[in-house]
Amino acid sequence: MFEEQLKNIAAQHRLRKITCIHTAPGATIAIEGQRLIQLASNDYLGLARHPELIRAAVEATRRYGVGATAARLICGTLPPHRDLETALAKFKGAEAALTFGSGYLANAGILPSLIGRGGLILTDRLCHASLLDGCRLTGADLRLYRHGDMEHLESLLKRRPSRKVLVVTDGLFSMDGDLAPLPSLVDVAERYGAEIYVDDAHGTGVMGPSGRGTLEHFKLESRIAFHMGTLSKALGCSGAYVVGPATMIQYLINTSRTFMFTTAPPPAVAAAATAALRILEQEPERRRRLWANRDRLESGLRRLGFRLTDSASPILPVLIGDAHRATQFAEQLFQRGVYAPAIRPPTVPKTTSRIRVTITSEHTAAHIDEALAAFEDAGQAARVI
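The structure displayed is predicted, hence computed values, not measured ones.

A. Seen up close, the side chain of Thr 309. Looking at where Thr 309 falls in the secondary structure, it is placed in the loop between helix 13 (285–304) and strand 10 (315–321). What makes Thr 309 buried here is its relative accessible area of 9%. Filtering out sequence-adjacent residues up to four positions away, Thr 309 remains in contact with Asp 176, Arg 302, Pro 317, Leu 319 and Arg 354.

B. Examining the environment of Val 188 more closely. As for its position among the elements, Val 188 is in helix 8 (residues 182–191). Here Val 188 falls in the buried class, since its relative accessible area comes to 4%. Spatially, the C-alpha atom of Val 188 lies 47 Å from that of Val 58, the residues being 130 residues apart in sequence. If we ignore the near neighbours within four places in the chain, the residues touching Val 188 are Leu 153, Glu 154 and Leu 157.

C. Layout of the packing of aromatic side chains. In the structure shown here, the tally under the stated rule is six aromatic pairs. A centroid spacing of 6.4 Å and a plane angle of 75 degrees characterise the contact between Phe 334 and Tyr 339, whose relative ring orientation is edge-to-face. On the basis of relative accessibility, which here comes to 15%, the residue Tyr 339 falls in the buried class. Aromatic rings pair up to connect Phe 306, Phe 329 and Phe 375 into one cluster.

D. Here's a closer look at helix 12 (residues 267–282). Between its first and last C-alpha atoms helix 12 spans 23 Å; for 16 residues at 1.5 Å apiece the expected length is 22 Å, and the two agree. With 12 of 16 residues buried, helix 12 is to be regarded as a mostly interior element. In this fold, the buried residues of helix 12 make contact with helix 2 (51–64), helix 4 (79–92) and helix 13.

E. Summary view of the packing of helix 5 (residues 103–114) against helix 6 (residues 129–138). Viewed as axis vectors pointing N to C, helix 5 and helix 6 meet at an angle of 30 degrees, and their least axial separation amounts to 8 Å. By the criterion of interaxial angle, the relationship of helix 5 to helix 6 is roughly parallel. The element helix 5 and its partner helix 6 pack so that their crossing is right-handed. Contacts from Gly 103, Tyr 104, Asn 107, Ala 108, Leu 111 and Pro 112 of helix 5 reach helix 6 at Ala 129, Ser 130, Leu 131, Asp 133, Gly 134, Cys 135, Leu 137 and Thr 138. Residue classes in the contact of helix 5 with helix 6 are distributed as eight nonpolar, five polar and one charged.

F. Summary view of the sheet that holds strand 11 (residues 338–339). Across the sheet, three strands lie side by side as 1-2-11; this open sheet has mixed pairing. If you trace the sheet from one side to the other, it starts and ends with strand 1 (28–31) and strand 11, each paired once. Here strand 2 (residues 34–38) pairs with strand 11 via two bridges, running parallel. Of the residues in strand 11, the one forming a bridge with Gln 38 is Tyr 339. The sheet contacts of helix 15 (residues 365–381) involve strand 1, strand 2 and strand 11, and relative to strand 2 the element is tilted by about 100 degrees.

G. Region of interest: the pattern of salt bridges. The final tally for this structure, using the stated rule, is 21 salt bridges. Arg 294 is paired through a salt bridge with Glu 298; the nearest N and O atoms lie 2.8 Å apart. With Arg 294 and Glu 298 both in helix 13 and four residues apart, this pair spans about one turn of that helix. With respect to burial, Arg 294 and Glu 298 carry one shared label: buried. Notably, a salt bridge pairs Asp 377 with Arg 336, separated by 2.9 Å at the nearest N-O pair. Taken together, the residues Asp 377 in helix 15 and Arg 336 in the loop between helix 14 (323–335) and strand 11 connect sequence positions 41 residues apart. Looking at Asp 377, the relative accessible area reads 39%, which means it is partly exposed. Looking at Arg 336, the relative accessible area reads 27%, which means it is partly exposed.

H. Geometry of the packing of helix 7 (residues 150–158) against helix 8. Closest axis-to-axis distance for the helix 7/helix 8 pair is 10 Å, and the angle between their directions is 10 degrees. When the interaxial angle is binned, helix 7 and helix 8 end up roughly parallel. Residues Met 150, Leu 153, Glu 154 and Leu 157 of helix 7 touch helix 8, and the partners they reach there are Ser 184, Leu 185, Val 188 and Arg 191.

Thresholds, definitions, all that
Residues numbered from 1 in each chain as written. Predicted model: local features only at pLDDT ≥ 70, side-chain atom pairs only at ≥ 80, totals over all residues. Heavy atoms only, no water. Helix = DSSP H or I, 4+ residues; strand = E, 2+ residues; numbered from the N terminus. Buried < 20%, exposed > 50% of the residue type's maximum accessible area, 1.4 Å probe, protein only. Contact = heavy atoms within 4.5 Å. Phe/Tyr/Trp six-rings, centres within 6.5 Å; stacked < 30°, edge-to-face > 60°. Expected span 1.5 Å × (residues − 1). Axes fitted to C-alpha atoms, helices over the stretch in contact; angles between N-to-C directions. Parallel < 35°, antiparallel > 145°, perpendicular 65-115°, else oblique. Left-handed = near helix turned anticlockwise from the far one by under 90°. Nonpolar A, V, L, I, M, F, W, Y, C, P; charged D, E, K, R; others polar. Pairing = 2+ DSSP bridges. Salt bridge = Lys/Arg side-chain N within 4 Å of Asp/Glu carboxyl O.

Geometric values such as these leave the question of function open.
So, in structure tokens, the structure goes:
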């Protein structure tokens, strides 16, 4: 049975395999002895191997052990968990914070606590899979609006019956690199009395003058009561958080099943994430390097003739279209020393397969120029340019 299904997946050029990276994360990596420029990582600020984060993780492990050993509400809450939530609330300018083991767990646990059967969820059609799955778990009616289309969103709000409505969106879309039109979205939602749920996984640490995220970027922190994000992108760790009013956080502690019935994250991870927040504030030059690198790479790719999305972030998707061609192009890049896997359906819609290029603060100008030379050569070989 499984063999036949795998053959069908392969026939559609959607077969995936696990690739083992043999070195610590960085601007360059090694796979089976081959050095490659890494252009696929979400470690935007290079914090995953920062000495302060490593030191914090080691010290927490020595003091509190490897595992938390139980759910947070049993005996799994340790000082590093409490310290992280305090630091997150302060960083985000919120009353309180709650952490989860992953972004998927956060969305799957928070959304069903916010709305249920009889309610209506309106979500951007390009939202992350964890958001869409979390929406389905609520039991509420679900409607998708066209990506970033506020007129379509408003038309759906106009037709809604008198019931609770939740508008769900990514802050920064991970496969296109563009920002949700949050100012317009907030105006529309407020006009119809709808609540807003923002997943700012890729915006936290990257967007905004202080790196507080997409809400800060748009100056909307006072108009969006709560939002979630992850610790696994720019903060270089793992896990997720939600910040908002203290009463809401207390409510989620008592209702979110993925919080209540999951062993707490390791204390080392919580301690490292707290250190990451501290470094984020102490080393703003990391964000400056990130944006300078992003602009250098984007201008180079466009100059070579590649078709990119209208990205406003360090995510620079190179659009290919056909899944087979995208896979071939990724293989050509690999042969020339660049690691940037093909992104294919169901991760992205049909006919929009791409190479999702990401840049970090730790790439040098030499890395970028070397990568651009590889893109030019591979693009010509794969007839992409």
